[in-house]
Each structure stands twice: as C-alpha cells, then as structure tokens.
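What the coordinates show
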Amino acid sequence: MSHPFHIVDVFARRRYAGNQLAVVTDAGDLDGEEMQAIAAEMDYSETTFVTGAPTDGAWPVRIFTPAAEIPFAGHPTLGTAQVIREHLADGNPESVTLDLDVGAVPVTVRRRDGRETLWMTQRPPEFGAELEHARLAEVLGLSVGDLDGDWPVQVVSTGLPTIVVPVADRAALTAIDLDRAAYDAVTGDREAKNVLAVCRDPREADNDLAVRVFAPFYDVPEDPATGSSNGCLAAYLARHEVLGGPTVDVRVEQGYEMGRPSLLHLAADATGDAVTVEVGGGVVPVARGDLL
C-alpha cells in the first residue's frame, strides 16, 4: 500500500515554528513495530498514524514518540485532526473526533485573534501527588529558591501525566539545565515522565505565561510545544486559582529556547464539581510525500 504522509507545524503562527508533526495516513497495514521505526526515522517529538476510516464518527489514530507509543498527546491530536479535515474527511468539517488510546477526543475549529484555531477538549483531569520543591529544583538544575514556593509541585493528568513545576521568573526558566540522573530518580517509579516548568513572565506582551517541557524518557530532551502538558497546566491553574480564580483563559508561549516559538491557548473552569480543560492552537502545513 501507499503510505502518504504530511508534515505540519502545530501551535504555530507560521511555518518552521511550533512543534513539528508527521502524520502518516492509510496506515492500517502497518504493525506497531513498523510504526515505531517510522517514528524513530522521522525523529519528531511525535508521529501519528491514521489506521482506518472512522467508526462511530471517530478516526482511529496511534501516536508514537521516537522511543515509545503513548496514549495521548496534544499537538499530535490537533495536527492529525487538521490533516484529516483537509485530506481525508468530506467537506473540510468544522469538527473531527479522534479515537485515541485514552478514548474519543473531539477537535473543533474556531476563530481566535483573526486566525483559524483548532481546539481539543481534553479528558477530565486527575490530580496526583504533590512533590517536594527541592527534588524538582534538582531535576531542573536550579536552586530551591528559583522555584515559586507559593504554589505546589504536582502531578496532573488529562491523559498523559505531567509534573507541573512553578518557577519564580523567566531568568530561572531560561537557566534550566536538566539533570538526567535526578530526573530518572523522580520519574522512575511514576507514570508521569513529562516535566513542565512555568513562570508568569513571558517574553511577548500579549502572552500570559511562559513554559518549558522536558521528556527525555521518550527521547524528547525538550519539547517546543506540548498540548497534553499544557492541558495539565490549565487544570492546575484552575484548581489552585493561581491566576485569581477558578476560570482560566490564557495565552502560553513555549519553545523560544529552542528557536521554535509556539503559542498555545488554554481554557479551563473549576467552578463546578468537575474541571473542564480545552487547549487550542494553529496548524500550518509544511510538506507532504510518500513513504517508499
């Protein structure tokens, strides 16, 4: 079979920014070992595989990092949904649902800041253990005083668990130098392998927060834009009312240290019994081809 693929930049406002994604379509005849080899060859944070036609309205998709298959990730969800809209579905629909390992994830198109923005509704968050600030300071190669002690370090999951670490300012965010041994010691017996550091001191005046995300367990030393971890951040901000209330509507910048400036829109609400989380961003096509 022919295996067309598309390369898109996600959470991007232009080409060659945001987070790169390869989407392989017509991938139903590939097995997991072949998909893993292709993902390693592409060597992006993730590569996705559309394995068939939609069932009950949801398109079956598998997600691989260069090292492992994962149940959910944010920028692959948005980027794959856009490829499906433009190249697989009839009529370029305004909404697409992906059937991922975590379940059905709907993606909807809206206009935001005059641009077409794709939004995913993430799974209800689960709030896990609170960890010692000193241990995560060691992981990030910082002093404990470089972390914001007013807020907890906590494991949060909306499908892929993340350790959310508030840091004091952008100087601390920029100075991060991940200690792999300390990282392995903290994450080794935990499902959470992503570490998100966040500060309230962005570079761009229009943005509200700046983050960096590290996932060396998945062969992703640093990620330029991470929808899953930012969904966890949105839930964290709402639950702890970090921004002054239980409702979140913010712009987050990521990837600047990597030369891949990214913009993520986060929305969350913790006013009721459940916390709702949405993450949005732009998708820009870059290339397409066929696997030989």
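Attention in this report is confined to the structure presented alongside it. Here the structure is a predicted model, which means the values were calculated and not measured.

1. A few points about the overall build of the protein chain
- The secondary structure content of the protein chain amounts to 6 helices and 18 strands.
- Scaling as 2.2 N^0.38, a compact globule of 292 residues should have a C-alpha radius of gyration of about 19 Å, and the protein chain matches this with 18 Å.
- The C-alpha extent of the protein chain, read off along each of the three principal axes, is 55 × 40 × 35 Å.
- Here the protein chain holds 292 residues, and 56% of them are scored as buried.
- In the protein chain, 63% of the contacts between residues at least 6 apart in sequence involve partners at least 24 apart.
- Accessible surface for the protein chain amounts to roughly 11,900 Å². Of this, 44% is attributable to carbon and sulfur atoms.
- Computed over 22 positive and 46 negative side-chain charges, the separation of the two mean positions in the protein chain equals 6 Å.

2. Considering the layout of surface pockets
- As a volume, the largest pocket reaches approximately 200 Å³.
- What lines the largest pocket is a set of 14 residues, and nearest its centre among them are A12, R13, R115, T117 and G282.
- Secondary-structure elements contributing two or more residues to the lining of the largest pocket are β8 (115-121), β16 (262-269) and β18 (283-291).
- Tallying contributions element by element places β8 first for the lining of the largest pocket, with 3 residues.
- The class makeup of the residues in the lining of the largest pocket is 4 nonpolar, 4 polar and 6 charged.

3. A closer look at helix α1 (residues 32-42)
- What α1 keeps buried is the set M35, Q36, I38, A39 and M42. Seen along its axis, α1 keeps its buried residues to an arc of 160°; they face one direction. Along α1, the residues that are exposed and aim more than 90 degrees away from the buried face are E33 and E41.
- Here the buried face of α1 lies against β1 (3-10), β2 (19-24), β3 (46-50), β4 (58-64), β5 (69-70) and β18.

4. A closer look at the packing of aromatic side chains
- Inspection of every chain in the model, using the stated rule, returns 2 aromatic pairs.
- Measuring from ring centre to ring centre gives 5.7 Å for F49 and F64, while their planes differ by 90°; the resulting arrangement is edge-to-face. With F49 in strand β3 and F64 in strand β4, the pair connects residues that are 15 residues apart, well separated along the chain.
- What makes F64 buried here is its relative accessible area of 3%.

5. Some remarks on the pairing of strand β13 (residues 209-215)
- Most of β13 is tucked away, with 7 of its 7 residues classed as buried.
- Side chains of β13 alternate between two faces, with L209, V211, V213 and A215 and A210, R212 and F214 buried alike.
- Pairing geometry for strand β12 (residues 194-199) and β13, over 5 bridges, is antiparallel. When the bridges of β13 are listed, V195 appears paired with F214.
- Judged from the 2 bridges that link them, β13 and strand β15 (residues 247-254) form a sheet pairing that is parallel. Looking at the pairing, A210 lines up with E253 of β15.

6. Let's talk about the pattern of salt bridges
- Summed over the entire model, instances satisfying the criterion amount to 10 salt bridges.
- One salt bridge in this structure joins R260 and D9, with 3.1 Å as the shortest N-O distance. Residue R260 is located in the loop between β15 and β16, and its partner D9 is located in strand β1; the two are separated by 251 residues in the primary sequence.
- A relative accessible area of 14% places R260 in the buried class.
- Of the charged contacts in the structure, one is a salt bridge between R212 and E257, with a shortest N-O distance of 3.9 Å. Taken as a pair, R212 in strand β13 and E257 in the loop between β15 and β16 lie far apart in primary sequence, 45 residues in all.
- Residue E257 is classed as partly exposed on the basis of its relative accessible area, which comes to 27%.
- When salt bridges that share partners are traced, they join R203, R212, E222, E253 and E257 into one network.

7. Some thoughts on a negative patch on the surface
- Judged by side-chain charge, D26, D29, D31, E33 and E34 come together as a negatively charged surface patch.
- Counting through the fold element by element, E34 comes out in helix α1.
- Assessed through its relative accessible area of 38%, E34 is described here as partly exposed.

Calculation notes
- Residues numbered from 1 in each chain as written.
- Predicted model: local features only at pLDDT ≥ 70, side-chain atom pairs only at ≥ 80, totals over all residues.
- Heavy atoms only, no water.
- Helix = DSSP H or I, 4+ residues; strand = E, 2+ residues; numbered from the N terminus.
- Rg over C-alpha atoms; globule rule 2.2 N^0.38 Å.
- Buried < 20%, exposed > 50% of the residue type's maximum accessible area, 1.4 Å probe, protein only.
- Contact = heavy atoms within 4.5 Å.
- Areas by Shrake-Rupley, 256 points an atom, 1.4 Å probe, with all protein chains shown as cover.
- Lys, Arg positive; Asp, Glu negative; His and termini not counted.
- Charge placed at Lys NZ, Arg CZ, Asp CG, Glu CD.
- 1 Å grid on protein atoms, 1.4 Å probe; cavity = no way out; pocket = protein on both sides within 12 Å on 5 of 7 lines; lining within 4 Å.
- Points joined across faces, edges and corners; volume = space filled by probe spheres on them.
- Nonpolar A, V, L, I, M, F, W, Y, C, P; charged D, E, K, R; others polar.
- Arc of directions from axis to C-beta.
- Phe/Tyr/Trp six-rings, centres within 6.5 Å; stacked < 30°, edge-to-face > 60°.
- Pairing = 2+ DSSP bridges.
- Salt bridge = Lys/Arg side-chain N within 4 Å of Asp/Glu carboxyl O.
- Patch = residues over 30% accessible without salt bridge, like charges linked within 9 Å, V, L, I, M, F, W, Y side chains within 5 Å.

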